[in-house]
Amino acid sequence: KIIEAGADYVRITVPSVKEVECLSGITSRLRSKGYASPIIADVHFNPEIAGRAAAIVEKIRINPGNFANRRKHNKSVYTEKEYTKDVEYLKKKFIPLLNICKKNNTALRIGTNHGSLSDRIMSRYGDTPEGMTESAMEYLRICKEEDFNNVVISMKASNTQIMVQSNRLLVNKMLKENMQYPVHIGVTEAGEGEDGRLKSAVGTGALLADGIGDT
């Protein structure tokens, strides 16, 4: 129904093994009926599920706040050694996913969310635009090291000021580190009706006026 209504693609939440097992059936039945629209899997909390989904659908979305280093709310101080160890752990979990994406020509969205930053990021930056930016850059640096370019980045918050500031910081940081990944913009949990349209217009409009935003 979504495809027939004119959507360019359909995104499906895949929170557990049960849902990822459905993806093959969903995509094969759609293709058998002549629907060629890309299917995107939205994955949280489980790198293994992300890898399995990446072998089936055209694109996956991961949240850097909970892909490898989850928010436990029980650690507010990280030593430099602990911080580095955490980053190495996410690298160990993330590179296999990139290899699966390369093999299957699967696109990837690194979808940073203001409400779900990792304990490590929170310990050093708090839930700030700087924290969101570093959360995304950790993953983009790995993409660059691994020569994986089929990636788009998003920085979403329900607070339009945080969302705008985070995207501006991200673009500035990418330019400094010689990166040119496309940016997907949007206000998360904007709400319904007039309120939702106003929040989305203010957030996306401010960035579009800056020349920021590819999708």
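Notes on the structure in this doc start here. (Residues numbered from 1 in each chain as written. Predicted model: local features only at pLDDT ≥ 70, side-chain atom pairs only at ≥ 80, totals over all residues. Heavy atoms only, no water.)

**Notes on unusual backbone geometry**
Next, step 1: The phi angle at aspartate 147 is positive, at roughly 55 degrees, despite the residue not being glycine.
Next, step 2: On the secondary structure map, aspartate 147 appears in the loop between helix 5 (129–145) and strand 5 (151–156).
Next, step 3: Judged by its relative accessible area of 59%, aspartate 147 falls in the exposed class.
Next, step 4: Not every positive phi belongs to a glycine, and asparagine 178 is a case in point at roughly 60 degrees. (Helix = DSSP H or I, 4+ residues; strand = E, 2+ residues; numbered from the N terminus. Buried < 20%, exposed > 50% of the residue type's maximum accessible area, 1.4 Å probe, protein only.)

**Observations concerning the side chain of lysine 156**
Next, step 1: Topologically, lysine 156 is positioned in strand 5.
Next, step 2: A distance of 3.4 Å separates a polar atom in the side chain of lysine 156 from a polar atom in the side chain of histidine 184.
Next, step 3: Excluding residues within four positions of it along the chain, lysine 156 makes contact with Arg109, Thr112, Asn113, His114, Met132, His184, Gly186 and Thr188. (Polar contact = N/O pair within 3.5 Å; in protein donor to acceptor, adjacent residues only side chain to side chain. Contact = heavy atoms within 4.5 Å.)

**Observations concerning helix 1 (residues 17–32)**
Next, step 1: Between its first and last C-alpha atoms helix 1 spans 24 Å; for 16 residues at 1.5 Å apiece the expected length is 22 Å, and the two agree.
Next, step 2: Taken together, the buried positions of helix 1 are Val20, Leu23, Thr27 and Leu30.
Next, step 3: Each element contacted by the buried residues of helix 1 is listed here: strand 1 (10–14), strand 2 (39–43) and helix 2 (47–54).
Next, step 4: Directly after helix 1, the chain includes glycine 34, whose backbone phi takes a positive value near 90 degrees. (Expected span 1.5 Å × (residues − 1).)

**Considerations on the pairing of strand 5**
Next, step 1: Counting buried residues in strand 5 gives six out of six residues, a clear majority hidden from the surface.
Next, step 2: Taking every second residue as pointing to the same face, both faces of strand 5 are buried, with Val151, Ile153 and Met155 on one and Val152, Ser154 and Lys156 on the other.
Next, step 3: Direction of pairing for strand 4 (residues 107–113) relative to strand 5: parallel, over a ladder of six bridges. For asparagine 113, the partnering residue across the bridge sits in strand 5 and is lysine 156.
Next, step 4: Of the pairings in the sheet, the one linking strand 5 to strand 6 (residues 183–184) comprises two bridges and is parallel in character. (Pairing = 2+ DSSP bridges.)

**Notes on the sheet that holds strand 2**
Next, step 1: Pairing is parallel in the open sheet, where six strands are placed in the order 1-2-3-4-5-6. The strands lining the two open edges of the sheet, one partner per strand, are strand 1 and strand 6.
Next, step 2: Strands in contact with helix 5 are strand 3 (59–62), strand 4 and strand 5; relative to strand 5, the strand with the most contacts, it is inclined by about 170 degrees.
Next, step 3: The sheet contacts of helix 6 (residues 160–176) involve strand 5 and strand 6, and relative to strand 5 the element is tilted by about 145 degrees. (Axes fitted to C-alpha atoms, helices over the stretch in contact; angles between N-to-C directions.)

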